[in-house]
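Here is what each chain is made of, one letter per residue.
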Amino acid sequence: MNFFLDSADIREIRDLADSGLISGVTTNPSLITKSGQEIKKVIAEICSIVEGPISAEVTATTYPEMMQEAAVLTQISEQVTIKVPLTFDGLKACKTLSDQGTMVNVTLCFSATQALLAARAGAAFISPFLGRLDDISMDGLQLIRDIRLIYDNYPEIETAILAASVRHPYHVLEVAKIGADVVTLPGKTFRQLYNHPLTDQGLEAFLKDWKTTGQTIL
Ligand code: E4P
């Protein structure tokens, strides 16, 4: 499973990408707004930091305007993946852009049948939002399970399942067990994956013992 960052915070992306473990970045209009930067500038900067697909979302809601915005965003870099909402016009834009060879991430997916249509439209990624389903007492993980099952029924489907709206490490564990292709994480959740109090305590004890030897490795 590949790890993407769900962020438009340049400092955070730079810090975490330094691990070499980040394969892409997803943004959305809310994250761009939070960054306080102009969309084209922030997307270009992210592309210069992370190698791999960088999702930039259209804000238009009609097909012709989505296509116009996509034309501007794809000029930024070959890495730009156009993110479109899972609406009729979004699916139509996905089909046209995918046929033209542009990678598309279909976002705001809340049902497996929506995911099936996105695959048919040639999406490179489908983004089911599990946290937002959990928020309304629905089973977000079940949605990912259903999409995995359906996609696996049709080997010709190449759309990658990008688990989104991920809130905590348990979501990451479960989507990995289900077989999501990618998980996109806020910086906080990525850090929670490697931080563990027993690791910290264990390291402290090892270093305390080591100090008593007076030895150095170098
Ligand atoms: C994914 O592409 C979305 O930007 C994101 O995961 C939404 O997450 P949220 O529900 O925490 O806002």
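Notes on the structure in this doc start here.

Cut-off values and rules
Residues numbered from 1 in each chain as written. Predicted model: local features only at pLDDT ≥ 70, side-chain atom pairs only at ≥ 80, totals over all residues. Heavy atoms only, no water. Helix = DSSP H or I, 4+ residues; strand = E, 2+ residues; numbered from the N terminus. Buried < 20%, exposed > 50% of the residue type's maximum accessible area, 1.4 Å probe, protein only. Contact = heavy atoms within 4.5 Å. Areas by Shrake-Rupley, 256 points an atom, 1.4 Å probe, with all protein chains shown as cover. Pairing = 2+ DSSP bridges. Axes fitted to C-alpha atoms, helices over the stretch in contact; angles between N-to-C directions. Near = heavy atom within 4 Å. Polar contact = N/O pair within 3.5 Å; in protein donor to acceptor, adjacent residues only side chain to side chain. 1 Å grid on protein atoms, 1.4 Å probe; cavity = no way out; pocket = protein on both sides within 12 Å on 5 of 7 lines; lining within 4 Å. Sits in = over half its atoms within 2 Å of the grid points. Nonpolar A, V, L, I, M, F, W, Y, C, P; charged D, E, K, R; others polar.

1. Points about the overall build of the protein
Looking only at helices and strands, the protein has 11 helices and eight strands in total. In terms of overall dimensions, the protein has a C-alpha envelope of 70 × 40 × 30 Å along the principal axes. Looking at the protein as a whole, 44% of its 218 residues qualify as buried. In the protein, the share of contacts with a sequence separation of at least 24, taken over all contacts with a separation of at least 6, comes to 57%. Taken as a whole, the protein presents about 11,800 Å² of accessible surface, with 55% of it coming from carbon and sulfur.

2. Side note on the sheet that holds strand β2 (residues 22-26)
Read around the barrel, eight strands follow the order β1-β2-β3-β4-β5-β6-β7-β8 and close on themselves; strand pairing throughout is parallel. On average, adjacent strands in this sheet sit at an angle of 25° to one another, irrespective of strand direction. Where strand β3 (residues 54-57) and strand β4 (residues 80-85) come together, four bridges link them in parallel fashion. Considered in β4, the bridge of serine 55 is made with threonine 81. Sheet contacts for helix α6 (residues 112-120): β5 (104-109) and β6 (125-128); angle to β5, the most-contacted strand, approximately 165°. Most of the contacts of helix α8 (residues 140-153) go to strand β7 (residues 160-163), to which it runs at about 175°, and overall it touches β5, β6 and β7.

3. Side note on the site of the ligand
Every residue near the ligand is listed here: Asp6, Thr26, Asn28, Lys83, Phe129, Arg132, Ala164, Ser165 and Arg167. The side chain of serine 165 places a nitrogen or oxygen atom 2.7 Å from an oxygen atom of the ligand. The contact in question runs from an oxygen atom of the ligand to an N or O atom on the side chain of arginine 167, over 2.9 Å. Isolated, the ligand exposes 350 Å² of accessible area, and the fraction of that covered by the protein chains is 85%. In a pocket analysis with a 2 Å cut-off to the grid points, the ligand is assigned to the largest pocket. Grouping the amino acids of the shell around the ligand by side-chain chemistry returns two nonpolar, three polar and four charged.

None of the figures reported here should be taken as evidence of function without further support.
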